[in-house]
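Chain and residue survey
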Amino acid sequence: MVYKMAKVKSKWICQTCGYETSGYLGKCPDCSSWGTLVEETYSKSPARELSSIADSRNSSPQLLKDISLDESIRYTTGMLEFDTVLGGGLVMGSLVLIGGDPGIGKSTITLQSCGNLAKNGLKTLYVSAEESAKQIKLRAERLNVNSENLYIFAENNIEEIQKTLTELKPEILIIDSIQAVYNPAITSSPGSVSQVRECCGILMHIAKSMGITVLVIGHVTKDGAIAGPKVLEHMVDTVLYFEGDRYKSYRLLRTIKNRFGSTNDVGVFNMEENGLVEVSNPSELFLSERSNAIAPGSVVIASSEGSRPILVEIQALVGPTSYPSPRRVTTGIEYNRVLQILAVLEKRVGLNLSKQDVYVNAVGGIDIQEPAADLGIALAVATCARNVTVDPETVIIGEIGLSGEIRSVSNLESKINEAYKLGFKKVLVPKSNLPLKTIPHNLEIIGVSRLLEAITSSISVASNK
Ligand code: TYD
Ligand code: MG
């Protein structure tokens, strides 16, 4: 590639969203954050940008029917959960971005899958721009990764990386992390928007022209001081986010964008002593500490992560307050949603909570976002307030409307199947969802249309015992 004499220019770039302008602004007009615009100088000839795009594409138009599909070879990462999230494995020549908070396990999951890819005979190059080769070796020992085909390269100059690629010709390339690599042709510091974008552009070009599959790791930062993966999302083929509570061991791998598959899949992992272990049945993980002697205020609900059903225990604690205004505390459930459910319980069911503290917790550190959890939350609060228990073998599913009606939910069949798989005997569901097409044998489905009816039927279930 011929490089023309570069022209030095400067731009003001928002470090949070990547907005560009020619002069300083105190507030970013795009994402409304203050003081995030930073002057970045860059030297790039436009011809180079255009030629790199031209190189990577087939230059003459083709008829749609003539384009062959057999180039989409997929490599397995050796982790089923990871493969599923990718839509069936890593597509050859694609660029995948894995974003996540620092310390969440991005390097761990990539090193583990690298080990598996290399074991399958693929020449793999792991470029560590943050840690030394020794540190990677230590981690690899711990993760039991030792393959003949795995190369480690501690480098953060993108030109050196490019040179090594042409010599080594690997099939898989890992960049850990994009914020630590830099292009010396650009004067701004590593991690700035122009550096991150430029380096990602070069990697995209490498992926497309050399047919190398590239996995890029990017840190997400809350304060936006370092350019996050957000500014790269439009450039890459697949964007995955690795999330979880740092103090809990489970991790979720979620697809945000995928040019080669759906964005509904979620992979669940558990961080253990020797790396990440796949969790093929997440509900078991979230219900694992559920005791047999069920206390009032404990209810199992079915939520979803993407298209995947997950059973979670909801616990409520209701008791007389000693504060001037009663406390409402929620963990893992949106606060306003709980307030709304409490209001419906007071108005439509006549449960007086005005002198009661209410604590609601989704067990296991998971964030419940789905409205299908409403009915379970209401039952947890109501049963605790009345000191009765809900049948421990029942799963509660339903959204609550403001007039106390139980509204239908999505993906009910998959939630019911999950309940059945885990050995539950009954499921309380919105009547408006019935009849269902397929119901597993021996599973009792109880349809309810009002909140009061749901409470009486679940409590009567309990008092029958
Ligand atoms: P890491 O992959 O370095 O995070 P990231 O690359 O996203 O910044 O993982 C960091 C955490 O994972 C670290 O705090 C220790 C923990 N960990 C384990 O619990 N078990 C393991 O086998 C490994 C390698 C890490
Ligand atoms: Mg790391």
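Each value, and the rule that gives it
- The numbering scheme is per chain: residues are counted from 1 as the chain's sequence reads.
- Chain A is the first chain written and ligand 1 is the first ligand written, with later ones labelled in order.
- pLDDT decides what is reported in this predicted model: residues at 70 or higher carry local features, side-chain atom pairs at 80 or more are listed and counted, and totals for whole chains, interfaces and linings draw on all residues regardless.
- Excluded from the side-chain calculation are hydrogens and water; included are all heavy atoms of the structure.
- Each helix is a run of DSSP H or I of at least 4 residues and each strand a run of E of at least 2, with the numbering of both proceeding from the N terminus.
- Only protein chains enter the accessibility calculation, which uses a 1.4 Å probe; a residue whose area is less than 20% of its type maximum is buried, one above 50% is exposed, and one in between is partly exposed.
- Any two residues whose heavy atoms approach within 4.5 Å at even a single point are treated as in contact.
- Each accessible area is a Shrake-Rupley estimate made with a 1.4 Å probe; only the visible protein chains count as cover when residues are assessed.
- Throughout, near means a residue has at least one heavy atom within 4 Å of the molecule or strand.
- N or O atoms within 3.5 Å of each other form a polar contact, as long as, within protein, one can give a hydrogen and the other can take it, and as long as residues adjacent in sequence are counted only when both atoms are side-chain atoms.
- Each residue receives one of three labels: charged for Asp, Glu, Lys and Arg, nonpolar for Ala, Val, Leu, Ile, Met, Phe, Trp, Tyr, Cys and Pro, and polar for the others, Gly being one of them.
- Note on definitions: salt bridges are taken to be side-chain nitrogens of Lys or Arg within 4 Å of carboxyl oxygens of Asp or Glu.
- Side-chain atoms within 4.5 Å link the members of a nonpolar core, which is a set of buried Ala, Val, Leu, Ile, Met, Phe, Trp, Tyr and Cys residues.
- By convention here, the domain bounds are inherited from an automatic or database domain assignment.
- Think of a 1 Å grid over the protein atoms and nothing else: a 1.4 Å probe that fits but is trapped marks a cavity, an open set flanked by protein within 12 Å on at least five of seven lines marks a pocket, and residues with an atom within 4 Å of a point count as lining.
- Grid points are joined across faces, edges and corners, and a volume is the space filled by probe spheres set on the points.
- Pairing between strands requires that DSSP locate at least two bridges from one strand to the other.
- Every angle, taken between N-to-C directions, lies between 0 and 180 degrees, and every axis is a line fitted to C-alpha atoms, over only the stretch in contact when it is a helix.
- Here is the rule: rings of Phe, Tyr and Trp (six-membered ring for Trp) pair when centre to centre is within 6.5 Å. Planes less than 30 degrees apart are stacked, more than 60 are edge-to-face, and the remainder are tilted.
- When describing relative orientation, an angle under 35 degrees is termed roughly parallel and one over 145 degrees roughly antiparallel, while 65 to 115 degrees is termed roughly perpendicular and anything else oblique.

**Concerning the overall build of the protein chain**
Each helix and strand counted, the protein chain has 11 helices and 23 strands in total. If you line up the protein chain on its principal axes, its C-alpha atoms span 80 × 50 × 50 Å. Split into buried and exposed, the 465 residues of the protein chain put 50% on the buried side. Partitioning the intrachain contacts of the protein chain with sequence separation of at least 6 by distance along the chain shows that 68% fall at a separation of at least 24. Approximately 22200 Å² of the protein chain is accessible, and the part contributed by carbon and sulfur atoms is 51%.

**Considerations on the site of ligand 1**
Around ligand 1, the surrounding shell holds 16 residues, and the nearest of these are Gly 103, Lys 106, Ser 107, Thr 108 and Gly 275. Glu 273 is positioned with one of its backbone polar atoms (N or O) 2.9 Å from an oxygen atom of ligand 1. Breaking the shell around ligand 1 down by element, the ones donating at least two residues are helix H3 (106-119), helix H4 (133-142) and strand E13 (266-272). Partitioned by chemical class, the residues of the shell around ligand 1 number 4 nonpolar, 6 polar and 6 charged.

**A short note on the pattern of salt bridges**
Enumeration according to the criterion identifies 14 salt bridges in this entry. Among the ionic pairs, Glu 131 bridges to Arg 139, the shortest N-O distance being 2.6 Å. Judged by relative accessible area, Arg 139 falls into the partly exposed class, the value being 22%. With its nearest N and O atoms 3.2 Å apart, the salt bridge here joins Lys 426 to Asp 391. Placement of the pair is Lys 426 in strand E22 (residues 426-430) and Asp 391 in the loop between helix H9 (374-386) and strand E19 (394-396), with a sequence separation of 35 residues. The network of salt bridges with common partners includes Lys 11, Glu 20 and Arg 197.

**A short note on the nonpolar core**
Judged by nonpolar contacts, the single largest core of 46 residues is most densely connected at Leu 345, Leu 375, Val 381 and Leu 451. Of all the elements, H9 adds the most residues to this core, at 8 residues. Residues from two domains meet in this core; each of domain 2 (73-280) and domain 3 (285-463) gives at least three.

**Quick look at the domain arrangement of the protein chain**
The extent of an interface is frequently quoted as the accessible surface area lost upon association of the parts. What the domain assignment lists for the protein chain is domain 1 (7-44), domain 2 (73-280) and domain 3 (285-463). In this structure, domain 1 and domain 3 have C-alpha centres spaced 48 Å apart.

**Describing empty space enclosed by the protein**
Overall, the coordinates contain 2 cavities of 30 Å³ or more when judged by the stated rule. Roughly 40 Å³ of volume is contained in the largest cavity. Around the largest cavity sit Arg 337, Gln 340, Ile 341, Val 344, Asp 374, Ile 400, Gly 401 and Leu 402, which together line it. It is helix H8 (residues 335-349) that provides the largest number of residues to the lining of the largest cavity, a total of 4 residues. The class makeup of the residues in the lining of the largest cavity is 4 nonpolar, 2 polar and 2 charged. Estimated volume of the second largest cavity: approximately 30 Å³. Arg 74, Leu 86, Gly 89, Leu 90, Val 91, Ser 94, Val 96, Thr 238, Asn 258 and Phe 260 are the residues that line the second largest cavity. Broken down by class, the residue content of the lining of the second largest cavity amounts to 5 nonpolar, 4 polar and 1 charged.

**Describing the sheet that holds strand E18 (residues 356-362)**
Pairing within the open sheet is mixed, and its 7 strands lie in the order E17-E18-E16-E15-E19-E22-E23. Taken across any chain shown, the strands that pair with only one partner, and hence form the sheet edges, are strand E17 (328-331) and strand E23 (444-448). Sheet twist, expressed as the average angle between the axes of neighbouring strands with direction ignored, equals 30°. In the packing of H8 onto the sheet, the strands contacted are E17 and E18, and the crossing angle to E17 comes to about 130°. Docked against the sheet, helix H10 (residues 412-421) engages strand E15 (298-305), strand E16 (308-320), E19, E22 and E23, running at close to 80° with respect to E16.

**Regarding the packing of aromatic side chains**
Across all of its chains, the model carries 2 aromatic pairs by this definition. Ring geometry for Trp 12 versus Tyr 24: centroids 5.1 Å apart, planes at 70°, classification edge-to-face. Pair noted here: Trp 12 is in strand E1 (residues 8-14) and Tyr 24 is in the loop between strand E2 (20-21) and strand E3 (37-43), with a separation of 12 residues, a long-range link. A relative accessible area of 19% means that Trp 12 is categorised as buried. With 6.1 Å between their ring centres and 75° between their planes, Phe 242 and Phe 269 make a pair best called edge-to-face.

**Notes on the sheet that holds strand E10 (residues 213-219)**
Spatially, 9 strands are ordered E8-E7-E9-E10-E6-E11-E12-E13-E14 in an open sheet, and the strand pairing comes out mixed. The open sheet has two edge strands with one neighbour each: strand E8 (150-153) and strand E14 (275-278). Each neighbouring strand pair of the sheet contributes to a mean axis angle of 25°, computed without reference to strand direction. As judged from the 5 bridges shared by strand E7 (residues 124-128) and strand E9 (residues 172-176), these two strands associate in the parallel manner. Bridged to Tyr 126 within E9 is Ile 174.

**A closer look at the packing of H3 against H4**
Two elements in contact, H3 and H4, have axes separated by 11 Å at closest approach and are oriented at 70°. Here H3 is positioned roughly perpendicular relative to H4, judged by the angle of their axes. Mapping the contact onto sequence places Ser 107, Thr 108 and Leu 111 in H3 and Ile 136, Arg 139 and Ala 140 in H4. The residue makeup of the contact of H3 with H4, split by class, is 3 nonpolar, 2 polar and 1 charged.

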